[in-house]
Amino acid sequence: MNSFVWSLVGGRVLVAVFTLLVVSFTVFCATAILPGDVAEVLLGQAATPEAVAGLRAAMHLNDPALLRFVRWLAGLASGDLGKSYANNMQVAQLIGPRLLNSLKLAGITTLFSVPIALALGIAAAILRGSVFDRALTFLTIAVISVPEFMVATTAVLLFAVHLKWLPALSFAREATSFWDLLRIYAMPVITLAFVISAQMIRMTRAAMIETLDTPYVEMARLKGASPTRIVLRHALPNALGPIVNAVALSLSYLLGGVIIVETIFNYPGIAKLMVDAVSTRDLPLIQSCAMIFCLVYLLLITVADVIAILSNPRLRR
Amino acid sequence: MMTRAIPLPLHYRINIVGLLALCVILFWTMVALFASQLAPHGVGEIVDLDYFGPMSRQFPVGTDYLGRDMLSRILFGARYTVGISLASVTIACVTGVTLGMAAAVTGGWFDTALSRFLDALNSIPSKLFGLVVVAGVGSSIPVLILTMAVIYTPGSYRFARALAVNVNTMDFITVARARGEGVPYIIGSEILPNIIGPVFADVGLRFVFIVLLLSGLSFLGLGVQPPDADWGALVRENISGLPFGAPAVMFPSIAIASLTISVNLLIDNLPKKTRDRSA
Amino acid sequence: MGNLVEIRDLKVGATTDAGRRVDIIKGVSFDIAPGEIVALIGESGSGKTTIALTLMGYARMGCAIQGGSVRVGGRDMTQLSEKERAAVRGTEVAYVPQSAAAAFNPAMRIIDQVVEVSRIHGLMPDAQARARAVELFRALSLPNPDTIGDRYPHQVSGGQLQRLSAAMALIGDPKLVIFDEPTTALDVTTQIEVLRAFKAVMKERRIAGVYVSHDLAVVAQIADRIVVLRGGEVQEIGATADILSAPAHPYTRELLAAFRPSVDAQAAPAPAAVAQPVLELRDVVAGYGALKSDGAPTITIVKAVSLSLEAGRNLGVIGESGCGKSTLARAIAGILPPSSGDILFEGKSLPRAAKDRTREQLRQIQIVFQSADTALNPAKSIAEILGRPLAFYHGLKGREAQARIDRLLDMVRLPRALQERRPPELSGGQKQRVNLARALAADPRIILCDEITSALDTVVAAAIIDLLKELQRELGLCYVFISHDLPTVQAICDEIAVMYAGEKIEQMPRSRVGARDHHAYTKLLFASVPKLDPQWLDSLERNPELVAALARR
């Protein structure tokens, strides 16, 4: 690894930090500067002018926006996420267990879908133009083209209504056996897996096809290499970087999917928490959830970029 | 490998998949325009005593949770889904493509600053962006259109800029510069005609994203607000019919899928200009 | 002795975008004896590479062998199964690609890719294969033969990679090696080393070869026989000496004629007494990146070049890739503004950057680029392309503009009907004529020609050079003609400047080319230009130390 590569990686990380700053500013603006007086909303029926003025002062709402932004940012950085408007609990306490639940869901989905998606994507690239490839291409386009809730409702119709294998919409909180656990996670995981696998298969296939079309793969063929050898020794090692990049990028689609899936299956994760917070306009909670989502997303795309840099063989050694 | 090619006027050809997709898209456009003439019942009219009625002669796609005719509701829903998405995608792509070409041709700090800023904006997941704005400002049709336009402008910018940067390295751009041409001429006359094909494909793709985002937001109850209902909102209001497989849940989804899949298939099977004249 | 290769009535077809089938190879037949090197020569699109690849039973994506037989060592490659073909590739027939830089896997060490052939076919133990590879590296006169294989492809120069790819082809001890334009991407001074290495190894091991090239002079050095191809058909087959001295087919004669551009007798008129230079450069420095403290750019490409061009005369600038000759043209045109130095047009100083020059100043100096594919906007019609400078510089519109477009097309000998078409519908030569016509539309004094014939086939290039001369007589133009090819520059230029590593090292009138007192690099460069004489390569004497010092391989 040389210093040039590290400077590229360092540059990418700096960009990520800058991005996070812009993102937090945007989130703050959208939730705290635009119309709708929070104090009035909070007080509801009891919103006498004096009470509103008092609460505004107590919440520092009269300070300039920039000052509030800096204060909020400093709070975030030190782990103080503020208090929920709705029930006056610490946001951090509310989020903690929910975040864990969401990470569990995402983790299981990843474990489940990455190997399958990679295998299918690589196979489709190798068998380009075959019936298998075309069917898979159509299927992935179809899954990408439909909303996540349609994948979810179709899964419910299929597995719960017609086959009656799994419970429909209710989320059983008490998992007493492994079998229960499986039943609880099955539906959300199947839905999410479909959504991210479709992306991953397409990107993997594209990355693989790009390397299969290079002159050095043609050269390997002209050296008499077998198809297996061509794929394993020449195409895959060079496609690995782009493929890992594709995996990281596809995982970022988990975020969009998780918002819908947690809502539809009533899963107690952070996305469900946030959607509920939006309907009660619980701004501190929304801000914190939004920042966590953006952080994860940014982390994934930064990791994807860094992998792309590190995997370029021309930059090695 | 070969799919049959159908000759079109002016040396264009389209294959059968592309033609079908095009027909579906035209169908939904017509529906959006003439919904009031086509719908057998009023949108809010309760026409069935039963709720979640099955498919029947009278109600071809059943009735909803209040006993309203689903077919009419879907036909009217097309207006919101297609109309809002079209407005958003137009704003997003016109802004994005113009800025993208300008950045590619101008270069320098303008390009760097704009790219950095829009890239940063792009790293907010789209659904989350929608949630945050709705939480802050509340949901209305203009807010939805503008929010989704803001969300998809960076992507369109990035795409157009990447294409324009490639064209910008061509010698004919250098020739134009050496001739003394200004930025507007280079953008409009030299670059745009060379990227217009891919840009249109990208507009289609972004239209699909916007339809999906809008449907998702509406499904969460944060998009189009009652009494209006787009296709996503139709799924939301009828979701309680899911455990008994009511057609009212599936058909709005099918409508969305038919539109988005068609757009995607059309992009993959765009009409090709026949190159060899002797054919 | 029987033939090693017998190709009979070979037909290859392809499918176009619109789904139409076209024939690329239309019934080709020829033989190769064991140990014989046969050259396939022809223009781009003549099918030479396609034929060569059928010797391995291989056809590129979209192409397919449709008829005839390709017998190698008695077996018909067209009839073998894919598995049987794979067994032949690398062991009996091997391939040296045009661009070795692209044909090496960037993620593997070179030695592993070279010995892979032996591994695939189970030819010998690994250690033995490695020893053999090193031996081949030495035979191909590669530097540091023992360690060069441990590097990755991007750490080795183009000329070396080309020889390494030959080692990769030879390690399986093939009976036949296919060379696919292996020196086309190389500079002339590097080309010689590579050609010599190839020739020595092939002769020593008595391996038969197929040498695909468009360059008659290169082929003359290495081939025993030549097959002249055009449009997928054989025009003429003959021994190298016969083809060169007594070509039978008119097309072969045309190729040979194009190779020796007429250095015509009616040389430029002697410069008028005390002629004022039309263009003068004084210590022009140009490059990329921020300016350093001494005022030079971070990466300096052109280092203090001074030139002058007198009215009615042409200046050639010659040098190898990376010497700064194209950057010089861009600096003159103001596309890459010089960081220091003066550019004078008719005695008056020009602003350095194009954007600071007046329209009139811009009009006087036009630039024409090498690749007409990228120099013409593919989305516009020829009439639009030619119409724009007319409107921009002369304010011509409508009928006036139309009349002028017709005249411009006449001038460059293109049919007027062509103006409705778009560049992708034209041939390479036609595009380059349009490219030229666009420059003429401005009515300039000077045209900067940047490698304008390099991407063209020889015959077409020769026609363009003739056209340039004609236009000069009619319009009184001056050319600054930038090229890497000495014969082309000689054909059109009165003065020749030689550039090396960003500096102009020498300038001479055409008549003095080949004089004894040239700069060492000039001598090396001029001596490296291949000649049609088959003895040229063998008789060429080079001082290896000088070559190593000067040629950046």
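These figures come from a predicted structure and were not determined experimentally.

**Quick word on the pattern of salt bridges**
- Counted according to the given criterion, the structure contains 46 salt bridges over all chains.
- The shortest N-O distance in the salt bridge between R73(B) and D64(B) comes to 3.5 Å.
- The buried category is assigned to D64(B), whose relative accessible area is 0%.
- A salt bridge links K203(C) to D224(C); the nearest nitrogen and oxygen atoms lie 3.5 Å apart. Separated by 21 residues along the polypeptide, K203(C) in helix 7 (residues 188-205) and D224(C) in the loop between helix 8 (216-222) and strand 9 (225-230) bring together distant segments of the chain.
- For K203(C), a relative accessible area of 40% translates into the label partly exposed.
- D224(C) gets classed as partly exposed once you look at its relative accessible area, which sits at 32%.
- Put simply, D64(B), R68(B), R73(B) and E237(B) are held in one network by salt bridges that share partners.

**Details of the packing of helix 5 (residues 91-126) of chain A against helix 6 (residues 131-145) of chain A**
Residues and elements named next belong to chain A.
- Taken N-terminus to C-terminus, the directions of helix 5 and helix 6 make an angle of 130°; their axes are 8 Å apart at the nearest point. Comparing their axes, helix 6 and helix 5 come out oblique. The handedness of the crossing between helix 5 and helix 6 comes out as left-handed. Here L120, A123 and A124 of helix 5 lie close against helix 6, whose contacting residues are F132, D133 and L136.
- Within the contact of helix 5 with helix 6, the residues separate by chemical class into five nonpolar, no polar and one charged.

**Re the interface of chain A and chain C**
- Residue-level contacts link 19 residues of chain A with 27 residues of chain C.
- Area buried by chain A at its contact with chain C is led by M219(A), L222(A) and K223(A), which between them contribute 31% of it.
- Our count for the chain A to chain C interface comes out at three salt bridges.
- Notably, a salt bridge pairs E116(C) with R229(A), separated by 2.8 Å at the nearest N-O pair.
- Between chain A and chain C we count ten residue pairs in polar contact (both at pLDDT 80 or more) in total.
- Of the residues contributing to the side of chain A that touches chain C, the split by class is six nonpolar, three polar and ten charged.

**Some points on the side chain of N435(C)**
Residue and element names in this part refer to chain C.
- Locating N435 in the fold gives a position in helix 16 (residues 428-441).
- Reaching out from N435, the side chain makes a polar contact with the side chain of R438 at a distance of 3.3 Å.
- Leave out the neighbours within four places in its chain, and N435 touches V368, F369, A372, A375 and L376.

**As for the packing of aromatic side chains**
- Within this structure, the stated rule accounts for twelve aromatic pairs over all chains.
- Pairing F25(A) with F69(A) gives two aromatic rings, centres 4.9 Å apart and planes at 85°, and the pair type is edge-to-face. Of this pair, F25(A) sits in helix 1 (residues 3-32) while F69(A) sits in helix 4 (residues 65-77); the two residues are 44 residues apart in sequence, bridging distant segments of the chain.
- With relative accessibility at 37%, the residue F25(A) sits in the partly exposed group.
- Judged by centre distance (4.3 Å) and plane angle (40°), the rings of Y500(C) and Y521(C) are tilted. Of the two residues, Y500(C) is situated in strand 19 (residues 495-500) and Y521(C) in helix 19 (residues 520-527); the sequence distance between them amounts to 21 residues.
- When its relative accessible area of 0% is taken as the criterion, Y521(C) is described as buried.
- By the ring-pair criterion, three or more aromatic residues cluster together here, those being F25(A), F28(A) and F69(A).

**Looking at the pairing of strand 9 of chain C**
Residue and element names in this part refer to chain C.
- Pairing of strand 3 (residues 37-41) with strand 9, which is carried by four bridges, proceeds in the parallel orientation. Residue pairing across strands places V38 opposite R225, the latter belonging to strand 9.
- In the sheet, strand 9 pairs with strand 10 (residues 233-239) via six bridges, with the strands oriented antiparallel. Paired with V228 across the bridge in strand 10 is E236.
- Turn length for the strand 9-strand 10 hairpin, with the two strands adjacent in sequence and antiparallel, is two residues, and the turn residue G231 shows positive phi of about 55°.

**Overview of the UniProt feature "transmembrane region" (unreviewed entry) in chain A**
Residue and element names in this part refer to chain A.
- In this structure's numbering, the residues bearing the UniProt feature "transmembrane region" (unreviewed entry) are residues 12-34, 105-127, 139-161, 181-201, 243-265 and 285-310.
- What you have in residues 105-127 is 96% helix and 0% strand, and the ends, taken at the C-alpha atoms, are 33 Å apart.
- The distance separating the terminal C-alpha atoms of residues 285-310 is 37 Å; by composition the span is 100% helix and 0% strand.

**Some details on the UniProt feature "domain: ABC transmembrane type-1" (unreviewed entry) in chain B**
- Mapped onto the present numbering, the UniProt feature "domain: ABC transmembrane type-1" (unreviewed entry) falls at residues 78-267 of chain B.
- As annotated, residues 78-267 of chain B comprises 83% helix and 0% strand, and the C-alpha atoms at either end are separated by 21 Å.

**As for the environment of M56(C)**
- Relative to the helices and strands, M56(C) resides in the loop between helix 1 (48-54) and strand 4 (63-72).
- Here M56(C) falls in the buried class, since its relative accessible area comes to 0%.
- In this structure the C-alpha to C-alpha distance between M56(C) and N377(C), which are 321 residues apart in sequence, comes to 39 Å.
- Ignoring sequence-local partners within four residues, the contact set of M56(C) consists of L222(A), M77(C), R85(C), R89(C), G90(C), V93(C), A94(C), Y95(C) and I178(C).

**Considering the sheet that holds strand 7 (residues 176-180) of chain C**
Residue and element names in this part refer to chain C.
- Judged by pairing direction, the sheet is mixed, and its six strands sit side by side in the order 6-7-8-3-9-10 without closing on themselves. Pairing within the sheet leaves two strands with one partner each, and these edge strands are strand 6 (93-96) and strand 10. Put simply, the sheet's adjacent strands are angled 15° from each other on average, direction ignored.
- Lying on the sheet, helix 10 (residues 250-259) is in contact with strand 9 and strand 10; it crosses strand 9 at an angle near 100°.

**A look at the UniProt feature "transmembrane region" (unreviewed entry) in chain B**
All names here are of chain B.
- In this numbering, the UniProt entry assigns the feature "transmembrane region" (unreviewed entry) to residues 12-35, 80-109, 129-152, 203-224 and 244-267.
- Taken end to end, residues 129-152 is 88% helix and 0% strand, and its two terminal C-alpha atoms sit 11 Å from one another.
- Helix makes up 88% of residues 244-267 and strand 0%, whereas the separation of the span's terminal C-alpha atoms amounts to 36 Å.

**A closer look at the confidence of the model for chain B**
All names here are of chain B.
- Of all residues in chain B, 93% have pLDDT values of 70 or greater, and the mean over the chain is 85.
- Counting contacts from residues 275-279, a segment whose pLDDT is below 50, to residues more than four positions away or on other chains yields seven contacts.
- Among the prediction metrics, the complex's ipTM stands at 0.81, with pTM recorded as 0.83.

**Description of the interface of chain A and chain B**
- Taken residue by residue, the interface counts 47 residues in chain A and 42 residues in chain B.
- Around 3700 Å² of area is buried between chain A and chain B when both sides are counted, 82% of it from carbon and sulfur atoms.
- Sorting the residues of chain A by area buried against chain B places S145(A), F149(A) and V278(A) first, and these three jointly supply 14% of that buried surface.
- Between E148(A) and K127(B) there is a salt bridge, with the nearest N and O atoms lying 3.0 Å from each other.
- Connecting chain A to chain B are three residue pairs in polar contact (both at pLDDT 80 or more).
- Elements supplying a minimum of two residues to the side of chain A that touches chain B: helix 1, helix 6, helix 7 (148-162), helix 11 (253-264), helix 12 (270-280) and helix 13 (283-310) of chain A.

**Comments concerning the pairing of strand 20 (residues 503-509) of chain C**
Residue and element names in this part refer to chain C.
- Examined bridge by bridge, strand 19 and strand 20 share six bridges and lie antiparallel to one another. In the strand pairing of strand 20, V498 is matched with E506.
- Once strand 19 ends, the chain turns through two residues before running back antiparallel as strand 20, passing A501 with a positive phi of about 50°.

Conventions we followed
- Residues numbered from 1 in each chain as written.
- Chains lettered and ligands numbered in written order.
- Predicted model: local features only at pLDDT ≥ 70, side-chain atom pairs only at ≥ 80, totals over all residues.
- Heavy atoms only, no water.
- Salt bridge = Lys/Arg side-chain N within 4 Å of Asp/Glu carboxyl O.
- Buried < 20%, exposed > 50% of the residue type's maximum accessible area, 1.4 Å probe, protein only.
- Helix = DSSP H or I, 4+ residues; strand = E, 2+ residues; numbered from the N terminus.
- Axes fitted to C-alpha atoms, helices over the stretch in contact; angles between N-to-C directions.
- Parallel < 35°, antiparallel > 145°, perpendicular 65-115°, else oblique.
- Left-handed = near helix turned anticlockwise from the far one by under 90°.
- Contact = heavy atoms within 4.5 Å.
- Nonpolar A, V, L, I, M, F, W, Y, C, P; charged D, E, K, R; others polar.
- Buried area = accessible area lost by both parts, 1.4 Å probe.
- Polar contact = N/O pair within 3.5 Å; in protein donor to acceptor, adjacent residues only side chain to side chain.
- Phe/Tyr/Trp six-rings, centres within 6.5 Å; stacked < 30°, edge-to-face > 60°.
- Pairing = 2+ DSSP bridges.
- UniProt positions renumbered as here; feature names shortened; annotations may be inferred.
- pLDDT = per-residue confidence, 0-100.

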